[in-house]
Amino acid sequence: MKTVTQTNLVAIWILGKRIYVGLLLPILGSWCVATGNAVTLDNVFQAALDKNPAIQEAKANLEQAAGQRLVLRSMMWPNISLAVPAGVQAGHRSGESGVKGFALARGFFTQTLFNAAVPPSLRRGDVGVLIAQQQLNVAVIEQLHQARLAFYAALYNRSLQSIREQQRQRLEENAATQKSRYEAGLTDRSALTSATVQARELDPQIESARRAYAEAQLQLAQVMGRNLGQKTALPEPDGDLKVAPMNRDLDSETAAALERRADIKLARLLVRAANEDQRIIEAGYYPAVVGNITGDYIPVTGIHRAGSTSKTQDFIGSEIIERAGYTWHVIDNGKVGGAVLRARATREVNELTCRKLEASVRRELLSIGNNLNAIESRERSLAAAETAAQESARVVQQNVAQGLVSQLEYRLTQNALLNTRSGLLDAIYQHNLAIAEWDRATGRYFQFSEDTAQNVH
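So, how was this worked out
Residues numbered from 1 in each chain as written. Predicted model: local features only at pLDDT ≥ 70, side-chain atom pairs only at ≥ 80, totals over all residues. Heavy atoms only, no water. Helix = DSSP H or I, 4+ residues; strand = E, 2+ residues; numbered from the N terminus. Buried < 20%, exposed > 50% of the residue type's maximum accessible area, 1.4 Å probe, protein only. Areas by Shrake-Rupley, 256 points an atom, 1.4 Å probe, with all protein chains shown as cover. Expected span 1.5 Å × (residues − 1). Pairing = 2+ DSSP bridges. Axes fitted to C-alpha atoms, helices over the stretch in contact; angles between N-to-C directions. pLDDT = per-residue confidence, 0-100. Contact = heavy atoms within 4.5 Å. Arc of directions from axis to C-beta. Core = buried A, V, L, I, M, F, W, Y, C linked by side-chain atoms within 4.5 Å. Patch = residues over 30% accessible without salt bridge, like charges linked within 9 Å, V, L, I, M, F, W, Y side chains within 5 Å. Salt bridge = Lys/Arg side-chain N within 4 Å of Asp/Glu carboxyl O. Polar contact = N/O pair within 3.5 Å; in protein donor to acceptor, adjacent residues only side chain to side chain. Parallel < 35°, antiparallel > 145°, perpendicular 65-115°, else oblique. Nonpolar A, V, L, I, M, F, W, Y, C, P; charged D, E, K, R; others polar.

## Describing the overall build of the chain
In terms of regular secondary structure, the chain is built from ten helices and eleven strands. Each of the 457 residues in the chain was classed as buried or not, and the buried ones make up 42%. Summed over its atoms, the accessible surface of the chain is roughly 24,300 Å², and 54% of this surface lies on carbon and sulfur atoms.

## As for helix α7 (residues 262-282)
Given 3.6 residues to a turn, an α-helix orients residues that are three or four positions apart in the same direction. Under the 1.5 Å per step criterion, the end-to-end length of α7 is 30 Å for 21 residues, consistent within 8% with the ideal 30 Å. For α7, the set of buried residues is A262, I264, K265, L266, A267, L269, V271, A273, A274, E276 and Q278.

## Remarks on the environment of N371
For N371, the location among the structural elements is in helix α8 (residues 335-401). Residue classification places N371 among the partly exposed residues on the basis of a relative accessible area of 39%. Remark: the alpha-carbon pair of N371 and A434, spanning 63 residues in sequence, is separated by 7.4 Å.

## Some remarks on the sheet that holds strand β10 (residues 319-327)
Ordered in space as β4-β7-β9-β10, the four strands form an open sheet in which the pairing is antiparallel. Pairing within the sheet leaves two strands with one partner each, and these edge strands are β4 (79-83) and β10. For this sheet the average axis-to-axis angle between neighbouring strands, irrespective of direction, equals 15°.

## Topic: the confidence of the model for the chain
Residues at a pLDDT of 70 or more form 81% of the chain, whose mean pLDDT is 80. When pLDDT is averaged over each element of the chain, α7 comes out on top at 93 and strand β1 (residues 8-14) at the bottom at 32. Residue range residues 1-35 is modelled with pLDDT below 50. Its contacts to residues more than four positions away, or to other chains, number 101 contacts. Confidence over residues 447-457 falls short of pLDDT 50; this stretch has 33 contacts with residues more than four positions distant or in other chains.

## Comments concerning helix α4 (residues 189-200)
With twelve residues, α4 extends 17 Å between its outermost C-alpha atoms, agreeing within 8% with the 16 Å of an ideal straight helix rising 1.5 Å per residue. For α4, the complete set of buried residues consists of A191, L192, A195, Q198 and A199. Along the long axis of α4, the arc covered by the buried residues comes to 130°, so they all point the same way.

## Looking at the nonpolar core
Grouped together as the largest cluster of nonpolar side chains are 59 residues, with contacts concentrated most on V44, F151, Y152, M224, L241 and Y429. Mapped onto this core, the elements with two or more residues apiece are α1 (41-51), α2 (53-73), α3 (118-183), α5 (203-223), α7, α8 and α9 (407-441). The biggest single contributor to this core is α3, with 22 residues. What M224 contacts, discounting residues up to four positions off in sequence, is V39, V44, A47, A48, K51, N52 and P235. Among the nonpolar cores identified, the runner-up in size contains twelve residues, and A257, I264, L372 and A434 belong to it.

## Comments concerning a nonpolar patch on the surface
On the surface, a nonpolar cluster with roughly 390 Å² of combined accessible area is contributed by I80, F109, I293 and I320. Tracing the backbone through its elements, the reader meets I293 in strand β9 (residues 288-297).

## Structural notes on the side chain of N137
Turning to its location among the elements, N137 is positioned in helix α3. On the accessibility criterion, N137 (3% relative accessible area) is buried. Reaching out from N137, the side chain makes a polar contact with the side chain of Q134 at a distance of 2.7 Å.

## Notes on the packing of α2 against α3
One way to put it is that α2 packs onto α3 with a least axis distance of 8 Å and a crossing angle of 175°. Accordingly, the angle class assigned to the pair α2 and α3 is roughly antiparallel. The class makeup of the residues in the contact of α2 with α3 is 13 nonpolar, seven polar and five charged.

## Things to note about the environment of Y286
Relative to the helices and strands, Y286 resides in the loop between α7 and β9. Y286 gets classed as partly exposed once you look at its relative accessible area, which sits at 48%. Residues Y286 and T327 lie 41 residues apart in sequence; the distance between their C-alpha atoms is 8.8 Å. Once residues within four sequence positions are removed from consideration, Y286 is found in contact with A116 and W328.

## Side note on the pairing of β4
Where a strand is regular, its side chains alternate between the two sheet faces. Counting buried residues in β4 gives zero out of five residues, a small share hidden from the surface. The pairing of β4 with strand β7 (residues 105-114) spans five bridges and is antiparallel. Paired with A83 across the two strands is R106, which belongs to β7.

## Quick word on the pattern of salt bridges
Two side chains of opposite charge can pair, provided their charged atoms sit close to one another. Tallied over the entire structure, the rule returns 21 salt bridges. We note a salt bridge from R73 to D126, for which the minimum N-O separation is 3.3 Å. In this pair, R73 sits in helix α2 while D126 sits in helix α3, placing the two residues 53 residues apart along the sequence. With a closest N to O distance of 2.4 Å, R210 and E207 form a salt bridge. Highlighted residues: R210 and E207, both in helix α5, separated by three residues, approximately one helical turn. Given a relative accessible area of 38%, R210 falls into the partly exposed group.

Below is the structure:
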């Protein structure tokens, strides 16, 4: 697998394995470096990688999987132990008397010679680490995607608030003009009232955009892992929403997504893990052969064995005993067979889930692509309409100041301008959201580098 090379690249290290994070965000090239409390999207991603609780938990699970891998590998390693029994032996036997102290040194060496569970256990340990890695992938993708959506939401609501405040400023200027004309006797009171009401109508809309912006800031701080209990300012996104054209080849993108999406890799690994679990359970059908070597070092002679009745049964010196034995559970009353059936059912469910996930990739990309086409068409239409609405609003504003047009006509043109600008901003925002969904669906957020897979095996 080749690492995605992008302009914006973030790297993290986990257990000696390098993981690269690459994002296809061409619009970020024009964003300036963050200053003060302002943050770029790259800053948000880096903070999320470093401090996001979900990502930190996934990193810990990866370390846990590495430990479990060692446990599974220990089945094939020898078991060596040492014991030093010591004590006092008393009693009388013909020709002996008194109390004698003693100390022995005993060593035990046990080696598994044959166990059908060893090969699948080794493979299961490797797969477990790979599963934890892909779970980390999925967690990082989810959190980075949420950070990206919150970042775009903050930019959108801040821009929407700015548009509405600019519109309110123009309406307030018109209200001031109508007040001057009313005081000069050039118009009636209804024109002044209408202009004032029109300016005040935007107050709740501006407040709504302000609250939505604060909520997006809060979501951004949470995904960045900031401590909200302290008196710290919320992050302020740096930049503006823009539309960046992109080529969308459905066939090539579908094939690439099937190769690099972390959730699909995880689903495939879960199938492998369930298969190895079934093989481990099936090992109960076969015998297990173990070799033992026991050695006793006896520095003092004349010590009786427990239960001995003559000197011929006593310790006469150091000794080594080699043994080999096997166990074979021939009849288990369905214990192994039932466990195998459950494991097989789990594997089949995982296989079905994996196939469904793979089959949904093209359908998901097609849906996002159609949505992008509709949004781009709407954006072009609104961009053209905005130019006409600005010109119409400019002409009417000049005429209303001279009393040549009514307040109703002025109100209609200003509302049309506001709706067109708001609609254009919404189209740009929806386009950015759709691009983010496209990057997520095609697996573009990040991948393991080539040396990661080599280090696992």
